[in-house]
Amino acid sequence: MPDITLTTLILLCLAAAAAGWIDAVVGGGGLLLLPALLLGLPQVPAAHVLGTNKAVAIVGTVGAAVTYVRRAPVQVGLAVKVGLMALAGSMAGAFFAAGISSEVLRPVIMVVLLGVAAFVMLRPSFGAAAEGGTAPAVTRARIVVAVVLVGGGIGFYDGLFGPGTGTFLVLALSAVLHLDLVTASATAKIVNVCTNAGALAMFAYQGSVLWQLAAVMAVFNLAGGMVGARMALSRGSGFVRAVLLTVVLSLVAKLGYDQWTA
């Protein structure tokens, strides 16, 4: 583990807990965790920061996924199929990432996110639980779309660029499969486990993980993830919707800042 102060370690652990909470509710915890690691470990190579980030995040994601599976109606088989396609998509995206400038992608993603925020605000019924507790039937065609476009497409984006992947998964799963936001968050967690596992395996193979630091931070990330999942389940889609809008607007602000300061 690199030589860091106790204060820095405490702040990183608190950031890990907060990121786990955000990620469990609606995705996007990496928006907090990765910058915290970059600020707290300025002397550490970027690859090691990214690898450590994945090692921390996957623990909280697994904890949240287990909590959701035990307490929410999740189609685990479908989630795994989408997750495996997302894993393949992220590997393809990472392969092409070196040839594409993030400065080109940032404004495009900002426009997409602003559209998402407007859609969610103007459609109060989006992602709400169906009346009577029943949702429209999920057809085979929608399952194919979910696996190919949601898994492959968003997985590709994750490998290519990354920010907001969990949030995009929640929105896409809710739109394509008619899931309420709580169930979509639960399903997205299983998909995230698959993509994080693939990325972590590659970073571990390259020796780019600070395992001791990751182990300490992962405890806090796990706690935050499990608390976030329980809060999402108990407070319902309205709560997830509010957090979703906050995360989307925060992501737009961060991308805008990166664009103007690049």
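Look up: the structure comes first, before these words.
Here we summarise the structure given alongside this text. (Residues numbered from 1 in each chain as written. Predicted model: local features only at pLDDT ≥ 70, side-chain atom pairs only at ≥ 80, totals over all residues. Heavy atoms only, no water.)

## Examining the side chain of lysine 54
Turning to its location among the elements, lysine 54 is positioned in helix α3 (residues 46-71). Setting aside its immediate chain neighbours within four residues, lysine 54 contacts Asn196, Ala199, Leu200 and Phe203. (Helix = DSSP H or I, 4+ residues; strand = E, 2+ residues; numbered from the N terminus. Contact = heavy atoms within 4.5 Å.)

## Things to note about the nonpolar core
Among the nonpolar cores identified, the biggest contains 48 residues, and Val26 and Val150 are the most heavily contacted of them. For this core, the element with the highest residue contribution is helix α10 (residues 237-261), accounting for ten residues. Look past the residues within four positions of valine 150 in its chain and what remains in contact with it is Val82, Val145, Gly155, Leu169, Ala172, Leu173 and Val176. Of all hydrophobic cores here, the second largest spans 24 residues; its members include Cys13, Ala15, Ala16 and Ala57. (Core = buried A, V, L, I, M, F, W, Y, C linked by side-chain atoms within 4.5 Å. Buried < 20%, exposed > 50% of the residue type's maximum accessible area, 1.4 Å probe, protein only.)

## Some details on the packing of aromatic side chains
Applying the stated criterion across every chain yields a total of two aromatic pairs. Between the aromatic rings of tryptophan 21 and phenylalanine 239, the centroid separation amounts to 5.9 Å while the plane-to-plane angle is 80 degrees, which identifies the pairing as edge-to-face. With tryptophan 21 in helix α1 (residues 6-26) and phenylalanine 239 in helix α10, this pair connects stretches of sequence that are 218 residues apart. Look at tyrosine 157 and phenylalanine 168: their rings are 5.5 Å apart centre to centre, the planes differ by 85 degrees, and that puts the pair in the edge-to-face class. Within this pair, whereas tyrosine 157 is found in helix α6 (residues 140-160), its partner phenylalanine 168 is found in helix α7 (residues 165-177), the two being separated by eleven residues in sequence. (Phe/Tyr/Trp six-rings, centres within 6.5 Å; stacked < 30°, edge-to-face > 60°.)

## Structural notes on the environment of cysteine 13
Mapped onto the elements, cysteine 13 comes out in helix α1. Judged by its relative accessible area of 6%, cysteine 13 falls in the buried class. When the C-alpha positions of cysteine 13 and valine 216 are compared, they lie 7.4 Å apart, and in sequence the two are 203 residues distant. When near neighbours in sequence (up to four residues on either side) are disregarded, cysteine 13 contacts Val216, Met217 and Phe220.

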